[in-house]
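# An overview of the molecular structure
One-letter residues, chain by chain:
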Amino acid sequence: MIYTCTLNPSIDYIMHVDSFEAGGLNRAGQTFFYPGGKGINVSRVVNRLGVQSRALGFIGGFSGDFISDFLDEEGVQHQFMNTGQKTRVNVKLKSGDETEINGPGPALAEDMQQALLDQVQQLTSEDILVLAGSVPSSLPGDYYEKITTICERNHTKVVLDTSGEALKQILGQTLFLMKPNHHELGDLFNAEINTPEDAALYGKKLVEQGVENVIVSMGGQGAVYVGREEQWYANVPEGTVKNSVGAGDSVVAGFLAAYSEGKSIAEAFRFGVASGSATAFQDDLCQQEDVLQLLEQINVSSIQ
Ligand SMILES: Nc1ncnc2c1ncn2[C@@H]1O[C@H](COP(=O)(O)OP(=O)(O)O)[C@@H](O)[C@H]1O
Ligand SMILES: O=P(O)(O)OC[C@H]1O[C@](O)(COP(=O)(O)O)[C@@H](O)[C@@H]1O
């Protein structure tokens with residue numbers, strides 16, 4: 001089973017404003033509410049791609065109820081811990097460019113922290129656990145590390161998609177998959193990543209530190225895969241980006257869904273990139289038919 005863990009879920013409130021003026025009264029033409037948080041996005045896309053997934057994490061209040069009701073309606077399994085505090089609402093402002101304001105997280109008491117570690121303890125070598133998104137400041141800085149240590153002991157595969165300090169903490173642990181974008185990877189190594197070759201060079205450093213599969217997404221410039229033996233580049237399909245929120249999460253979901261159905265790593269990489277672009281080209285997360293349609297436009301070639 002593919003489990004996802006979202007320590008800091010959200011409602012993503014997407015507002016389309018024709019011409020945004022800071023400091024003025026702006027009226028949105030269209031608005032959308034979606035359950036958000038990186039792990040939840042991964043669970044929703046994995047489910048849409050026909051593979052079972054269960055979402056773990058912390059939710060609460062009316063916004064938490066919105067998330068669990070939405071997932072129930074989509075048939076996504078979940079087993080969240082109730083914090084008794086309102087889950088944050090993240091604002092995604094679309095007006096030519098994209099501005100995001102993500103809220104802080106809940107205060108999580110020690111018993112709540114332990115309860116999630118106990119859930120992780122139940123996973124086995126048959127399972128994959130996706131750790132995705134930010135860590136609320138009320139959690140100890142090494143919380144992800146505590147989770148990965150349990151998973152290492154139980155041979156549960158771990159996927160990591162986070163940034164900043166949480167990402168730095170985990171380096172050196174055994175991981176199945178990491179998907180930084182090129183900015184996050186550059187921040188990690190204090191380097192500028194402009195080309196697929198740069199991405200492959202720094203992706204290789206992650207592999208040397210114990211990550212089995214690295215995907216570096218580079219937005220509209222394509223994506224790079226680095227493994228122990230191979231390095232590949234995939235182009236992205238042509239299209240108009242409508243909403244890139246959740247596109248990175250969709251790359252992870254597409255890769256994992258294809259991998260868990262027995263596809264090769266190269267094919268899973270291609271499927272991941274198609275899923276990312278299919279999400280970027282619409283308001284909500286991608287559907288399977290969109291992914292299959294874009295798949296034909298994506299070629300994977302070796303990077304020397
Ligand atoms: N301009 C674009 N054209 C086509 N696909 C895109 C574009 N921007 C993003 N994507 C898709 O979304 C994925 C993730 O985007 P990226 O911006 O690299 O990551 P993140 O969302 O994690 O910051 C890309 O690998 C690609 O599949
Ligand atoms: O936990 P963080 O880093 O604040 O990110 C949460 C946000 O990330 C998202 O999961 C989107 O992630 P990506 O755009 O990187 O795919 C949103 O749904 C959510 O608002």
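Residues numbered from 1 in each chain as written. Chains lettered and ligands numbered in written order. Predicted model: local features only at pLDDT ≥ 70, side-chain atom pairs only at ≥ 80, totals over all residues.

Under the annotation held in an unreviewed UniProt entry, the chain carries the name Tagatose-6-phosphate kinase and is attributed to Halobacillus kuroshimensis. Check the Pathway (unreviewed entry) section of the UniProt entry for the chain; it says "Carbohydrate metabolism; D-tagatose 6-phosphate degradation; D-glyceraldehyde 3-phosphate and glycerone phosphate from D-tagatose 6-phosphate: step 1/2." (UniProt positions renumbered as here; feature names shortened; annotations may be inferred.)

The subject of this paragraph is the UniProt feature "domain: Carbohydrate kinase PfkB" (unreviewed entry) in the chain. Mapped onto the present numbering, the UniProt feature "domain: Carbohydrate kinase PfkB" (unreviewed entry) falls on residues 8-281. Between the C-alpha atoms that bound residues 8-281 there is a distance of 25 Å. The span itself is 39% helix and 25% strand. (Helix = DSSP H or I, 4+ residues; strand = E, 2+ residues; numbered from the N terminus.)

With that out of the way, let us pick up the site of ligand 1. What surrounds ligand 1 is a group of 17 residues, the closest being Ser217, Gly220, Ala247, Gly248 and Gly276. Residues that form the shell around ligand 1 fall into these classes: eight nonpolar, nine polar and no charged. (Near = placed C-beta within 6 Å. Nonpolar A, V, L, I, M, F, W, Y, C, P; charged D, E, K, R; others polar.)

Let us look at the nonpolar core. Leu129, Val130, Leu131, Val159, Phe255 and Leu256 are the most contacted members of the largest nonpolar core, which totals 78 residues. Among the elements that line this core, the one with the most residues is helix α8 (residues 247-260), at eight residues. Ignoring anything within four residues of it in the chain, the contact list for Leu129 reads Tyr3, Cys5, Val120, Leu123, Cys151, Thr156 and Val158. (Core = buried A, V, L, I, M, F, W, Y, C linked by C-beta atoms within 7 Å. Buried ≥ 20, exposed ≤ 12 C-beta atoms within 10 Å, placed from the backbone. Contact = placed C-beta atoms within 7 Å.)

Strand order across the open sheet formed by 10 strands is β5-β4-β1-β8-β9-β10-β11-β12-β13-β14, with mixed pairing between neighbours. Each having just a single partner strand, β5 (77-82) and β14 (300-302) make up the two edges of the open sheet. Between one strand and the next, the sheet's axes are offset by a mean angle of 20°, whatever the strand orientation. Judged from the four bridges that link them, strand β11 (residues 211-217) and strand β12 (residues 223-226) form a sheet pairing that is antiparallel. (Pairing = 2+ DSSP bridges. Axes fitted to C-alpha atoms, helices over the stretch in contact; angles between N-to-C directions.)

A few words on the pairing of β12. Residues Ala223 and Tyr225 line one face of β12 and the alternating positions Val224 and Val226 line the opposite face, and both faces are buried. Taken together, the four bridges between β12 and strand β13 (residues 231-234) define a ladder with antiparallel strand orientation. Each bridged residue has a counterpart across the sheet, and for Ala223 the counterpart in β13 is Ala234. Hairpin remark: β12 followed by β13, antiparallel, with four residues in the connecting loop.

End to end, helix α2 (residues 61-74) covers 20 Å across 14 residues, agreeing with the expected 20 Å (1.5 Å per residue, within 8%). By the burial criterion, the buried members of α2 are Ser63, Gly64, Ile67 and Leu71. Buried residues of α2 fall within an arc of 105° about the axis and therefore sit on the same side. Residues of α2 that are exposed and angled more than 90 degrees away from the buried face: Phe62, Asp69, Asp72 and Glu73. With its phi angle positive at about 75°, Gly75 sits one or two positions after the end of α2. (Expected span 1.5 Å × (residues − 1). Arc of directions from axis to C-beta.)

Here we come to the pairing of strand β1 (residues 2-6). Counting buried positions along β1 gives five out of five residues, so the element sits mostly inside the fold. The two faces of β1 match: Ile2, Thr4 and Thr6 on one face and Tyr3 and Cys5 on the other face are all buried. Looking at chain direction, β1 and strand β8 (residues 128-132) are connected through four bridges and run parallel. Bridging across to β8, Thr4 finds its partner in Val130.

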